[in-house]
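Chains, contacts and geometry: an overview
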Amino acid sequence: MKLSMVGTGYVGLVTGTCFAEMGNRVICVDIDEKKIENLKKGIIPIYEPGLEAMVKENYEKGRLHFTTKIEEALEGSDIIFIAVGTPQGEDGSADLQYVLKVAEEIGRKMTHEMIVVDKSTVPVGTADRVRETIRKELEKRGVDIPFHVVSNPEFLKEGSAIEDFMKPDRVVIGAESDEAMETMKELYAPFTHNHERFIAMDVRSAEMTKYAANAILATKISFMNEIANICERVGADVNQVRVGIGSDRRIGYSFIYPGCGYGGSCFPKDVQALNRIALDVGYEPKIIQAVEAVNRAQKRVLADKVVRRFGEDLTGRTFALWGLSFKPETDDMREASSITIVEELTKRGAKIRAYDPKAMEEARRFYLKDNPNVEYTKSKYDALDNADAMLLVTEWKEFRSPDFEEMKQRLKSPVIFDGRNQFNRRKMEKKGFEYHQIGVSDA
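No experiment lies behind these values; they were computed from the predicted model shown. (Residues numbered from 1 in each chain as written. Predicted model: local features only at pLDDT ≥ 70, side-chain atom pairs only at ≥ 80, totals over all residues. Heavy atoms only, no water.)

It is worth spelling out the pattern of salt bridges at this point. Per the stated rule, a full pass over the model turns up 42 salt bridges. With its nearest N and O atoms 2.9 Å apart, the salt bridge here joins Arg131 to Asp128. With Arg131 and Asp128 both in helix H6 (residues 126–141) and 3 residues apart, this pair spans about one turn of that helix. Residue classification places Asp128 among the partly exposed positions, given a relative accessible area of 34%. In this structure, the salt-bridge partner of Glu137 is Lys140, at a minimum N-O distance of 3.3 Å. One end of the pair is Glu137 and the other is Lys140, both in helix H6 and 3 residues apart, which spans about a single turn. Exposure remark for Lys140: the relative accessible area of 65% places this residue in the exposed category. Several salt bridges share partner residues, and in doing so they unite Glu71, Glu104, Glu105, Arg108, Lys109, Glu137 and Lys140 into one network. (Salt bridge = Lys/Arg side-chain N within 4 Å of Asp/Glu carboxyl O. Helix = DSSP H or I, 4+ residues; strand = E, 2+ residues; numbered from the N terminus. Buried < 20%, exposed > 50% of the residue type's maximum accessible area, 1.4 Å probe, protein only.)

Have a look at this one:
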């Protein structure tokens, strides 16, 4: 099939590349000329395992194309995906200005019947607005070109996006016309032929599915962090509690690991957007609001443990930080817990020596660029040199089995604050460490 993808960010680039991998002809469009030129050279703007090689291969084989001209994409496509950003507004709602701008361009420049697919995460009712925007532009031109608007929410996890796309748990399509639904089913057939994972529904239900999915996962995380905080206060061990409840098949083990709170581009934004959607129709979503409130507080828990141990004034103290990205296998620091932790410690006078396998450039360039009290090191062990303690914030694989003897030698004092409960407390204490973790009393 002939497809185009407007937006070459995380969702657009992964989606377009994976479609090209299956033999489709895909044109990716972006207004950023430098980004497009870099993509033609095989330089991708994000870190995602396996993506760079796949982009290069499909570009070289002529299945994947890059342009800044949307008319080129419209002329050469039968299906066009809108995959531009929907940044968070001041009230928590999703800002649709870029989505609707693309819809305007489609209405102004389309020349033949098309399927327009909302791939961006958008509020319920957005497809109606996209449809109306395109229709108005066609009326201004005095032409009557048939088109269909479809909702196709994405469920990609950063760090495993290619596998998620190539072997999806489900493909959700919301469409009002049988013709559009059958075309989308044909498009996704190579990804769903082993098991029937194609789920057809109405457009508004498809739009809501994305928000509901992320909200329930975020709820599990905040719920477990709430349980962890109670465990600390009553003398229970949340790690044992997690095993006890996770063994129940109705609950399962996914997303019930306590930690420093969730971050990234999806959960924080989507939870707040869902709250706004509910308030706009006169309903107060108390559980959704509590999920967000617990998460905000949870990002401070590890820093609070440091303050209780070393005192409110951290002047002259240095702390090693292992992990900056919001999760492993990505360089994404959007809403990362590390940002809050660094701010809480440095505002009290501390200095930070940070290491992350992928996200240090992001921190330097944007997220922590104005903080002079952060130093970046070449290795995880270099970050420990003469530090008063180490804080483990992101559970990268290379942090799972470190050389504990070297850690003790490099640290000023063998103190660890584990924000992901990666190690066994009893074993760490036997190795001579003072070990603090989430959901277990420090007493």
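A few words now on the state of the cysteines. Here, the word disulfide means a covalent bond between the sulfur atoms of two cysteines. Throughout the structure, instances matching the rule amount to 0 disulfides. Sulfur of Cys28: no disulfide; nearest cysteine sulfur belongs to Cys18 and is 11 Å away. You can call Cys28 buried: its relative accessible area is 0%. (Disulfide = S-S within 2.5 Å.)

Next up on the list: the nonpolar core. In this structure, Phe319, Leu324, Leu345 and Leu391 are the most contacted members of the largest nonpolar core, which totals 56 residues. Per element, the largest residue contribution to this core is 5 residues, and it comes from helix H13 (residues 301–310). If sequence neighbours within four positions are ignored, Phe319 has contacts with Val306, Phe310, Leu314, Leu345, Ala350, Lys351, Ile352, Arg353, Ala387, Asp388, Ala389 and Leu391. (Core = buried A, V, L, I, M, F, W, Y, C linked by side-chain atoms within 4.5 Å. Contact = heavy atoms within 4.5 Å.)

Right, let's get into the side chain of Ser265. On the secondary structure map, Ser265 appears in the loop between helix H10 (238–246) and helix H11 (267–280). For Ser265, the side chain forms a polar contact with the side chain of Glu158, separated by 3.3 Å. Other than its neighbours up to four places away in sequence, Ser265 contacts Glu158, Asp332 and Arg334. (Polar contact = N/O pair within 3.5 Å; in protein donor to acceptor, adjacent residues only side chain to side chain.)

A separate point is the sheet that holds strand E9 (residues 318–322). Ordered in space as E11-E10-E9-E12-E13-E14, the 6 strands form an open sheet in which the pairing is parallel. The strands lining the two open edges of the sheet, one partner per strand, are strand E11 (374–376) and strand E14 (434–437). Between one strand axis and the next, the sheet turns by 20 degrees as a mean value, whatever way the strands run. H13 rests against E9, strand E12 (389–392), strand E13 (415–418) and E14 of the sheet, and its axis sits at about 155 degrees to E13. The sheet strands contacting helix H14 (residues 337–346) are E9, strand E10 (351–355), E11 and E12, and the helix crosses E9 at an angle near 180 degrees. (Pairing = 2+ DSSP bridges. Axes fitted to C-alpha atoms, helices over the stretch in contact; angles between N-to-C directions.)

Before going further, it helps to examine the environment of Phe326. In this structure, Phe326 sits in the loop between E9 and H14. Here the alpha-carbon distance between Phe326 and Ala336, two residues 10 residues apart in the chain, equals 4.3 Å. In contact with Phe326, not counting residues within four places along its chain, are Glu158, Gly263, Gly264, Asp332, Met333, Arg334, Ala336 and Arg420.

This part covers a positive patch on the surface. Taken together, the side chains of Arg426, Lys427, Lys430 and Lys431 make up a positively charged region of the molecular surface. Relative to the helices and strands, Arg426 resides in helix H17 (residues 425–430). (Patch = residues over 30% accessible without salt bridge, like charges linked within 9 Å, V, L, I, M, F, W, Y side chains within 5 Å. Areas by Shrake-Rupley, 256 points an atom, 1.4 Å probe, with all protein chains shown as cover. Lys, Arg positive; Asp, Glu negative; His and termini not counted. Charge placed at Lys NZ, Arg CZ, Asp CG, Glu CD.)

The subject of this paragraph is helix H3 (residues 51–60). Listing the buried residues of H3 in full gives Leu51, Met54, Val55 and Asn58. Buried residues in H3, looked at end-on, bunch into an arc of 100 degrees, giving them a common side. Away from the buried face of H3 by more than 90 degrees, exposed residues Ala53 and Glu60 are located. Each element contacted by the buried residues of H3 is listed here: helix H1 (10–21), helix H2 (33–40), strand E3 (64–67) and helix H7 (161–166). (Arc of directions from axis to C-beta.)

This paragraph deals with unusual backbone geometry. Excluding glycine, residues mostly carry a negative phi; peptide bonds, for their part, are mostly trans. Positioned with a positive phi, Glu335 is a non-glycine residue whose angle comes to about 60 degrees. Relative to the elements of secondary structure, Glu335 occurs in the loop between E9 and H14. Of note, the phi angle at Asn386 is positive, near 60 degrees, even though the residue is not glycine.

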